[in-house]
Every structure is written in structure tokens, then in C-alpha cells.
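Spelled out, the chains give:
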Amino acid sequence: MTSADTLRIDTGTDTVLAEITDRVGIVTLHRPQRRNALHPEMYEAVPALLDRFAADDEVGCVLLTGAGNAFCAGGDVRDGGSAKAVPPGDRDEQIAARSAMLAGNARMVTLLHAMPKVTIAALPGAAVGAGMSIALSTDLRIGARSARLIPGWAKLAFSGDFGGAWFLTRLVGPAKALELLIADEPIDAETALRTGLFNRVVDDAELRAAALRWATEIAAGPSMAFAGTKANVLDAQQLSLEEALPRESERMVRSGMTEEHRDAVKAWLAAAAAKAGSRL
């Protein structure tokens, strides 16, 4: 995922790499020796990058992937997962403190889900637990044929985190989501594609090029219009039609007042004229 005009970004940690190329902001989880399991430094670096890309007009799409042959193995249980030291207190205080910390660590999924840029996850291999949640929080997903989605929580007697149940329920429905979470069995790439958890599946060797090509195509499109389209889709999951229509209508009007709309109309008219001329 490199080009002559790639801008490499200092993330402040070796556990996350970042760059901008062809208007695509690329975030790479970089702990290949631990299958890119989450690390405390990621909880600050990834959201900071997503905030930066969301505000950067030179970024039209965000691509999230993992180094090596895994996407993300979730919380690193051998290092204590996402746990950090919390102030001493009684049980309720401990629960409240740890819950707030875990929710804060999961801020990256809310950014990937709600930011105005289209977000894509490219999965070179397994996404487990919170790693699966992160993958499902993006707008679109492309997986290598060896990629797997593995809930992973039930086998460790966990109930789930990082919005995994929330995203899974919206993608496959409540009954199927509960079945998958309780069964805790790997979901292979072809099954993920068939059930709508993946949008595309490619051969392992083609993943990086295919993912960047897809992201570049999106980044080259009308970014303000795509932001409105993404907002419409998000509204469709939360609002009634009566509530959604006025918001959709306002976005339509606003998009019609942009320079990118005027340029698109000029290009369409020129193409139509050229097509008509070729028939004479």
C-alpha cells in the first residue's frame, strides 16, 4: 500500500502504523508477533488518527487493516487484556471504573462507525473478539479467503465488548447474532460473504492491492455526497421513515449546492454530448 506520494504519519507508537496515499488514510494494527492483539497504546493512537482523517479534506476514505496474517486477535489476555490499574474501591466502584475504562478503549469503533468518511476493514486473517467488533464497526469489509471472524468471548466466559453484539445484530438480525455469539465458532470468509458480514472476498495474495484499489475508488468520488449517503444509511437504522425523510431531503439539497455536484453535472453533460455525437 505505497505510492510515490505516500505521506507516512508518526503515530507515537510502533503498535500502529499510518499513512495517506491516493486520498486514502490507512491505519495498520502492527503487532504481528501477537496477531495484532490490542495494546494500550492503540487505544490512544487509533482514535487520534481517525479524528485526524475525519477532519482532513485530503482524505476521502479510511482503510483499517492488520500487519502479517491476522487482522486483530482482540484483547491480549496474556497481558491482562484491556485492564489497567484503577483506584481501589468497593465492588460497585470497581465495576463502574473498569466499565468506563473499557468503553473509553472502545472509542475507535464509534469513530469508525459514525465518522463522515467511508471506512473499510481489510482482513488478512482472523478477527477475534474485540478485533471482530472493530472489523464490523467499519462501513465495508473485504476479507482474504483465509480470513475468519471469531467471537471468542464465550470460550473465556465473557459476554462481549467493543460493540460486537450491537454491530452483529444490525448486520444479521438479533436471533442470528445471538446464535453466532453463543456458538462461538469461527465464521469463514465465504460464510461471512454470504451472510453480509463481508462485502468482498479475494485471494490472500490479492488482499492488500484489492483493498487499496477499492478504497482509492471511493476516495476519488464525491466525498460530501458520500458523507450524506452514509448519514442516510445510519438514520435508516435508527429513525422512522417520517423522521428520516426531512434529514435526507436536507442532505440532498445541500449536496446539490456543492462544487463537486456542479463538476459532476458538467462531466455528465459532456459525456452525454460526446455519446450523442458519436451516433451522428
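Everything below is about the structure printed above this text.
What counts, and where the lines are drawn
Residues numbered from 1 in each chain as written. Predicted model: local features only at pLDDT ≥ 70, side-chain atom pairs only at ≥ 80, totals over all residues. Heavy atoms only, no water. Helix = DSSP H or I, 4+ residues; strand = E, 2+ residues; numbered from the N terminus. Rg over C-alpha atoms; globule rule 2.2 N^0.38 Å. Buried < 20%, exposed > 50% of the residue type's maximum accessible area, 1.4 Å probe, protein only. Contact = heavy atoms within 4.5 Å. Areas by Shrake-Rupley, 256 points an atom, 1.4 Å probe, with all protein chains shown as cover. Patch = residues over 30% accessible without salt bridge, like charges linked within 9 Å, V, L, I, M, F, W, Y side chains within 5 Å. Salt bridge = Lys/Arg side-chain N within 4 Å of Asp/Glu carboxyl O. Core = buried A, V, L, I, M, F, W, Y, C linked by side-chain atoms within 4.5 Å. Pairing = 2+ DSSP bridges. Right-handed = clockwise from strand over helix to strand, strands pointing away. Axes fitted to C-alpha atoms, helices over the stretch in contact; angles between N-to-C directions. Parallel < 35°, antiparallel > 145°, perpendicular 65-115°, else oblique. Left-handed = near helix turned anticlockwise from the far one by under 90°. Nonpolar A, V, L, I, M, F, W, Y, C, P; charged D, E, K, R; others polar. Phe/Tyr/Trp six-rings, centres within 6.5 Å; stacked < 30°, edge-to-face > 60°.

**Student:** Whenever I open this one, the overall build of the chain confuses me. Can you help?
**Tutor:** When helices and strands are counted, the chain shows eleven helices and eleven strands. Computed over its C-alpha atoms, the radius of gyration of the chain comes to 20 Å, within 12% of the 19 Å expected for a compact globule of 280 residues. Each principal axis of the C-alpha atoms in the chain carries an extent, and together these give about 80 × 45 × 35 Å. Within the chain, the fraction of its 280 residues that count as buried is 42%. Considering only residue pairs separated by 6 or more positions, the chain has 68% of its internal contacts joining residues 24 or more positions apart. For the chain, the exposed surface amounts to about 14,600 Å²; the carbon and sulfur share of it is 58%.

**Student:** How should the environment of His39 be read in this particular structure?
**Tutor:** Examined against the element boundaries, His39 turns out to sit in the loop between strand 3 (24–29) and helix 1 (42–55). Given a relative accessible area of 22%, His39 falls into the partly exposed group. Remark: the alpha-carbon pair of His39 and Thr15, spanning 24 residues in sequence, is separated by 7.4 Å. Other than its neighbours up to four places away in sequence, His39 contacts Thr15 and Arg31.

**Student:** Would you mind going over a nonpolar patch on the surface with me for this structure?
**Tutor:** Taken together, the side chains of Val265, Trp268 and Leu269 make up a nonpolar region of the molecular surface, amounting to roughly 330 Å² of accessible area. Along the chain, the position of Leu269 falls in helix 11 (residues 259–278). Under the relative-accessibility criterion, Leu269 is labelled partly exposed at 48%.

**Student:** Any chance you could explain the nonpolar core here in plain terms?
**Tutor:** In globular proteins that are soluble, nonpolar side chains generally tend to be buried together. One finds Phe71, Leu123, Ile134, Leu149 and Phe162 to be the most contacted residues of the largest nonpolar core, which totals 48 residues. Ile26, Leu140, Ile218 and Ala219 belong to the second-largest nonpolar core, a separate cluster that totals 19 residues.

**Student:** Explanation requested: the pairing of strand 3 in the structure shown.
**Tutor:** The element strand 3 is extensively covered by neighbouring structure, given that six of its six residues are classed as buried. Across six bridges, strand 2 (residues 16–21) lies against strand 3 in antiparallel orientation. Residue Thr21 lies in a different strand from strand 3, and its bridge partner there is Val24. Inspection of the sheet shows strand 3 paired to strand 4 (residues 61–66) by six bridges, in the parallel sense. Across the sheet, the residue bridging to Val27 is Leu64, located in strand 4. At this point the chain moves from strand 3, through helix 1, to the parallel strand 4, and the crossover so formed is right-handed.

**Student:** What is the right way to look at the packing of helix 5 (residues 164–172) against helix 6 (residues 174–183) in this model?
**Tutor:** When two helices pack together, their arrangement is given by the angle between their axes and by how far apart the axes lie. Orientation of helix 5 relative to helix 6, taken along the N-to-C sense of each, is 130 degrees, at an axis distance of 7 Å. As the angle between them shows, helix 5 and helix 6 are arranged oblique. When the axes of helix 5 and helix 6 are compared, the crossing they make is right-handed. Here Ala165, Leu168, Thr169 and Val172 of helix 5 come into contact with helix 6, specifically with Pro174, Lys176, Ala177, Leu180 and Leu181.

**Student:** Can you help me understand the packing of helix 1 against helix 3 (residues 107–114) in this one?
**Tutor:** Closest axis-to-axis distance for the helix 1/helix 3 pair is 9 Å, and the angle between their directions is 20 degrees. In this view, helix 1 runs roughly parallel relative to helix 3, as classed from their interaxial angle. Along this stretch, helix 1 crosses helix 3, giving a crossing that reads as left-handed. Within the contact between the two elements, helix 1 uses Met42, Tyr43, Val46, Pro47, Leu50 and Asp51 and helix 3 uses Arg107, Met108, Leu111 and Leu112. Here the contact of helix 1 with helix 3 is composed, by residue class, of eight nonpolar, no polar and two charged.

**Student:** It is not clear to me how the packing of aromatic side chains should be interpreted in this structure. Could you clarify?
**Tutor:** In this description, a pair of aromatic rings is defined by centroid distance and the angle of the planes. Summed over the entire model, instances satisfying the criterion amount to two aromatic pairs. Aromatic pair Tyr43 and Phe162: ring centres 6.4 Å apart, planes at 50 degrees, arrangement tilted. Within this pair, whereas Tyr43 is found in helix 1, its partner Phe162 is found in the loop between strand 9 (148–150) and helix 5, the two being separated by 119 residues in sequence. Judged on exposure class, the residue Tyr43 and its partner Phe162 are both buried.

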